[in-house]
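The primary structure of each chain is shown beneath.
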Amino acid sequence: MNFMQRLATGVATLGAVLALSGCERGAPFERPPVDSVQSGYRGTGMLQVYNPRILEPQIEANQPPAALPPAPSEGPKASQVYQNVKVLGHLSTAEFVRHMTAITAWVAPNEGCVYCHNPANFAEDSKYTKVVARRMIQMTQHINVDWQQHVSNTGVTCYTCHRGQPVPSKIWFTAAPQKKGADFIGNKNAQNTADQESVKGASLPYDHYTEYFKEAKAIRVAGDTALPTGNRSSIQQGEFTYGLMMHMSDSLGVNCTYCHNSRSFGDWSQSPPQRTTAWYGIRMVRDLNLEYMEDLTSVFPAERKGVLGDVAKVNCATCHQGAYKPLYGAKMAKDHPELTTLVQVVAGAGAGGGAGDAKAVKAAADAVAGAKPAGR
Ligand code: HEC
Ligand code: HEC
Ligand code: HEC
Ligand code: HEC
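Cut-off values and rules
Residues numbered from 1 in each chain as written. Chains lettered and ligands numbered in written order. Predicted model: local features only at pLDDT ≥ 70, side-chain atom pairs only at ≥ 80, totals over all residues. Near = placed C-beta within 6 Å. Helix = DSSP H or I, 4+ residues; strand = E, 2+ residues; numbered from the N terminus. Nonpolar A, V, L, I, M, F, W, Y, C, P; charged D, E, K, R; others polar. Core = buried A, V, L, I, M, F, W, Y, C linked by C-beta atoms within 7 Å. Buried ≥ 20, exposed ≤ 12 C-beta atoms within 10 Å, placed from the backbone. Domains from an automatic or database assignment. Contact = placed C-beta atoms within 7 Å. Expected span 1.5 Å × (residues − 1). Arc of directions from axis to C-beta.

Bringing the site of ligand 1 into the picture now. Surveying the vicinity of ligand 1 reveals 29 residues, the closest of which are Y82, N84, C113, C116 and A123. Breaking the shell around ligand 1 down by element, the ones donating at least two residues are helix 4 (93-107), helix 5 (128-146) and helix 12 (357-368). Considered class by class, the residues forming the shell around ligand 1 number 18 nonpolar, 7 polar and 4 charged.

Have a look at this one:
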């Protein structure tokens, strides 16, 4: 082979290698340069590495929709006019209809009001989606009121998770247990299974969601002394921690050093405040899954459930979707005070109305006709 031939073969081989690595796991090869932003003390290596080409479409995809104009709070209350309101009865009917218009756009823009309602009778709870939605309103209020250590006054709306679709794009189910066959193949404990999205394809145990976002297994398992002095945590427990950390980094689109000084991962005094926010986030996610999602198990139809019959659940990505703050910190909740306050349900509220009901409901539907989706 002469020099030119060898060069050509070399270039072709390099091309093939690049093409192969490009195809791997569907992630395109990203050419440099990447930007790095310092996020900690100088000399500690606390840098965030960003690729502007990935970031740009990501920022575009995370823009909040425009807010609806505010509605007057005067006039009769929803609880006086409608028949079956249990959570938002304190709103004026105008505010109530504004809320209905907003959740339709956030959760079911293509399907419209009928995604949750029987158009012949808006008061009845015959569709499971309406029952779920009522609980979701309460869950959103609970996040905004009781979890400010995590969501601050930025808060969340339905859009934070749903992004214009009935089923949020980032959810999880408990993984099916390993098929064991004969016992001599041992128990690999959900490890070394190729191509698991939850651990970004690493050979770590992949069902860390169940361990930490449903159960409350210990995350901090590293010893804090140089010599073994009684820490009985296994390597596998450490690997579960790493799986969780991969999920958290990936969900927020950050490196480990966004929350840790890598000279001592466990030391809180060397960690930036974001790590504390994340600590609350882990507890919040667990709370939402146990108190709201699991509670709805019997309401959801079988086709919405996982292989073990469990309900879809929340993780960090459900809200964050690759951004360090969901929607890059856009404050959507402030335009929806009905989602940032908890109102005690008054017994008997919502049983008002009577003869006027059909008219009131028609008026509500008319008020949104013309607003998309028209005629539903
Ligand atoms: C994502 C589900 C969902 C969508 C979509 C939805 N609603 Fe509702 N709707 C609810 C829930 C939940 C309630 C009960 C609220 C409560 O209990 O406080 C309700 C109650 C109502 C009521 C009160 C009925 C009564 O007499 O009790 C009216 C009227 C109403 N919605 C109108 C609409 C209109 C008009 C649209 C379309 C613009 C719409 N809704 C879209 C979930 C939804
Ligand atoms: C923290 C994230 C989160 C927030 C905030 C949230 N949801 Fe959900 N929602 C979920 C998850 C997870 C599911 C389960 C997915 C499924 O249906 O399989 C779900 C399911 C639903 C469903 C059932 C859809 C279907 O077709 O099965 C409705 C309706 C719904 N949510 C309405 C709402 C409304 C209305 C709000 C705001 C008041 C809201 N959600 C806020 C996470 C969220
Ligand atoms: C969004 C913030 C955040 C990111 C990003 C993050 N961590 Fe963590 N990390 C935490 C929090 C919070 C804890 C403690 C959890 C608890 O106690 O519930 C923790 C705990 C740990 C521990 C256990 C320390 C001990 O005391 O045993 C290790 C190890 C660790 N992280 C490594 C990593 C690695 C490696 C990465 C990158 C793949 C990473 N972390 C990314 C927030 C983060
Ligand atoms: C219900 C939606 C929701 C879920 C689920 C959620 N977060 Fe957040 N998170 C938010 C909101 C909203 C903010 C913005 C708060 C603010 O503006 O200070 C935030 C902020 C943060 C921040 C602070 C970022 C900064 O630069 O100040 C960290 C770190 C974080 N979240 C980590 C996590 C981790 C880790 C998880 C999963 C264990 C998680 N979040 C789950 C809604 C959520």
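Further remarks concern the nonpolar core. The tendency in soluble globular proteins is for nonpolar side chains to be buried side by side. Within the largest apolar cluster, 54 residues are counted, with the highest numbers of intra-cluster contacts made by A78, I103, W106, C158 and L288. Of all the elements in the fold, those that place two or more residues in this core are helix 3 (78-81), helix 4, helix 5, helix 7 (158-162), helix 8 (208-213), helix 9 (235-252), helix 10 (273-293) and helix 11 (316-320). Counting the residues that make up this core, at least three belong to each of domain 1 (76-165 + 333-376) and domain 2 (170-177 + 188-221 + 232-320). If we skip the residues at most four places from it in the chain, I103 touches A133 and C158.

The next subject is the site of ligand 4. In the region of ligand 4, 24 residues are neighbours, and S152, T154, G281, C316 and C319 sit closest. Tallied by class, the residues present in the shell around ligand 4 amount to 13 nonpolar, 10 polar and 1 charged. Counting contributing residues per domain, the shell around ligand 4 is built from domain 1 (76-165 + 333-376) and domain 2 (170-177 + 188-221 + 232-320), each supplying no fewer than three.

In this section: unusual backbone geometry. Located in the positive-phi region is S152, a residue other than glycine, with phi close to 55°. Examined against the element boundaries, S152 turns out to sit in the loop between helix 6 (148-151) and helix 7. We classify S152 as partly exposed; it has 13 C-beta atoms within 10 Å. The phi torsion at L327 lies on the positive side, around 55°, for a residue other than glycine. Mapped onto the elements of the fold, L327 is located in the loop between helix 11 and helix 12. A tally of 22 C-beta atoms within 10 Å means that L327 is categorised as buried.

A rise of 1.5 Å per residue sets the reference length of helix 10, with its 21 residues, at 30 Å; its end C-alpha atoms lie 29 Å apart and thus fit the reference within 8%. Burial in helix 10 covers these residues: G281, M284, V285, L288, N289, Y292 and M293. Considered in projection along helix 10, the buried side chains sweep an arc of 130° and stay on one side of the axis. Turning to helix 10, the residues buried within the fold contact helix 5, helix 6, helix 8 and helix 11.

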